[in-house]
Amino acid sequence: MAKKGRNIYKRKDGRWEGRILCSDTKKYKYIYGKSYGEVREKMVAFEADDKLQPGEGTFLFNALLIDWIRGRKAVLKPGSYYCYVSKLNKHILPFFDGIKYNAVNEAKIAEFISIKAQEG
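Note on numbering: residues in each chain are counted from 1, in written sequence order. Reporting of local features is limited, given that this is a predicted model, to residues whose pLDDT is at least 70; pairs of side-chain atoms are given and counted only at 80 or more, and all residues count toward the totals for whole chains, interfaces and linings. The basis for the side-chain values is all heavy atoms of the structure; hydrogens and waters are excluded.

Chemist: I'd like a description of the overall build of the protein, backed by residues and values.
Modeler: Helix and strand assignments follow DSSP, with helices taken as H or I runs no shorter than four residues and strands as E runs no shorter than two, numbered in order from the N terminus. When its secondary structure is counted, the protein shows four helices and three strands. Reading the protein from its N terminus to its C terminus gives the helix and strand order β-β-β-α-α-α-α. It only takes one pair of heavy atoms within 4.5 Å for two residues to be counted as in contact. Once local pairs closer than 6 in sequence are excluded, the contacts in the protein between residues at least 24 apart make up 41%. Residue-level accessible areas treat just the shown protein chains as cover; the underlying method is Shrake-Rupley with a 1.4 Å probe. In the form shown here, the protein has an accessible surface area of approximately 8900 Å², with 56% of it arising from carbon and sulfur atoms.

Here's what the structure looks like:
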């Protein structure tokens, strides 16, 4: 059963095939699996890796921080997770708002630390 919005099809040999357009080469990458769900998971993982090519500079640092903290939710205690999220929302995300991930360097982090130290 094919779902709308994804290039995932069942082949005649019983396997499932997914097709993704690579951002760097502009060619299609084919992913195979035994089930629809397996191919979809592989495609989502590939798309995430494909979007995070170093040097592109198209991703915002805040978006990466949010993705990182969401990925850590499963391994953190609920209290720790919500504490980290509140600290991110109150201190880190406002400072780095609109900054691309490749623009964050030691100088920018040192600036953030000095501003927070002055605030107390």
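Chemist: Let's hear about the sheet that holds strand β1 (residues 8-10): which residues, and what values?
Modeler: Strands were regarded as paired on the criterion that DSSP finds at least two bridges between them. On the basis of which strands lie adjacent, the open sheet formed by three strands has the order β1-β2-β3 and antiparallel pairing. Two strands close off the open sheet at either side, each with one partner strand: β1 and β3 (28-33). Going across the sheet, the axis of each strand differs from the next one's by a mean of 25°, ignoring polarity. In the sheet, strand β2 (residues 16-21) pairs with β3 via six bridges, with the strands oriented antiparallel. Each axis is a line fitted through C-alpha atoms, and for a helix only the stretch in contact is used; angles between axes span 0 to 180 degrees, taken between their N-to-C directions.

Chemist: So, the confidence of the model for the protein: which residues are in play, and what are the values?
Modeler: The pLDDT value tells you how sure the predictor is about a given residue, anywhere from 0 up to 100. Considering every residue of the protein, the mean pLDDT works out to 82; 85% of them sit at 70 or more. At the level of individual helices and strands, the protein shows its lowest average pLDDT in helix α1 (residues 36-51), which scores 77, and its highest in helix α4 (residues 106-119), which scores 92.

Chemist: A description of the side chain of Asn 62 should follow, citing residues and the corresponding values.
Modeler: Mapped onto the fold, Asn 62 is located in helix α2 (residues 61-72). For Asn 62, a relative accessible area of 11% puts it in the buried group. Accessible area is worked out with a 1.4 Å probe on protein chains only. A residue is then buried under 20% of its type maximum, exposed over 50%, and partly exposed in between.

Chemist: Can you lay out the environment of Phe 46 for me, pointing to particular residues and giving the numbers?
Modeler: Along the chain, Phe 46 falls in helix α1. Since its relative accessible area comes to 21%, Phe 46 is described here as partly exposed. Residues Phe 46 and Ile 20, 26 residues apart in the sequence, show an inter-C-alpha distance of 8.6 Å. Among residues more than four places away in sequence, those in contact with Phe 46 are Ile 20, Cys 22, Lys 29 and Ile 31.

Chemist: Can you explain a nonpolar patch on the surface? Please cite residues and give values.
Modeler: Patches here: salt-bridge-free residues with over 30% relative accessible area, like charges joined within 9 Å, nonpolar side chains (Val, Leu, Ile, Met, Phe, Trp, Tyr) joined within 5 Å. In what follows, salt bridge is the name for a side-chain nitrogen of Lys or Arg lying within 4 Å of a carboxyl oxygen of Asp or Glu. A cluster of nonpolar residues, Leu 21, Tyr 28, Tyr 30 and Tyr 32, forms a patch on the protein surface that exposes about 400 Å² of accessible area. In terms of residues, the nonpolar patch owes the most to one element, β3, which gives three residues. Structurally, the position occupied by Tyr 30 is in strand β3. The class of Tyr 30 is partly exposed, set by a relative accessible area of 39%.

Chemist: Please give an account of the packing of aromatic side chains that cites residues and values.
Modeler: The rule is short: rings of Phe, Tyr and Trp, with Trp giving its six-membered ring, pair when the centres are within 6.5 Å, and they are stacked under 30 degrees, edge-to-face over 60, tilted in between. All chains considered together, the criterion is met by six aromatic pairs. Judged by centre distance (5.6 Å) and plane angle (80°), the rings of Trp 16 and Tyr 36 are edge-to-face. Of this pair, Trp 16 sits in strand β2 while Tyr 36 sits in helix α1, and the two are 20 residues apart along the sequence. Pair check on accessibility: Trp 16 and Tyr 36 agree, each one buried. Summarising the aromatic geometry, the rings of Phe 96 and Phe 112 are spaced 5.5 Å apart at their centres and angled 40° between planes, so their arrangement reads as tilted. Residue Phe 96 is located in the loop between α3 (78-95) and α4, and its partner Phe 112 is located in helix α4; the two are separated by 16 residues in the primary sequence. For the pair Phe 96 and Phe 112, one class covers both residues: buried. Ring pairing ties together the aromatic residues Phe 61, Phe 95, Phe 96 and Phe 112, which thus form one cluster. The cationic tip of Arg 15 hangs over the ring face of Tyr 32; the distance from NZ or CZ to the ring centre is 4.9 Å. Whether a charge lies above a ring is judged from NZ of Lys or CZ of Arg, which has to be within 6 Å of the ring centre and within 35 degrees of the ring normal. Geometry around Tyr 28 places Arg 19 over its ring, the cationic atom sitting 4.2 Å from the centre.

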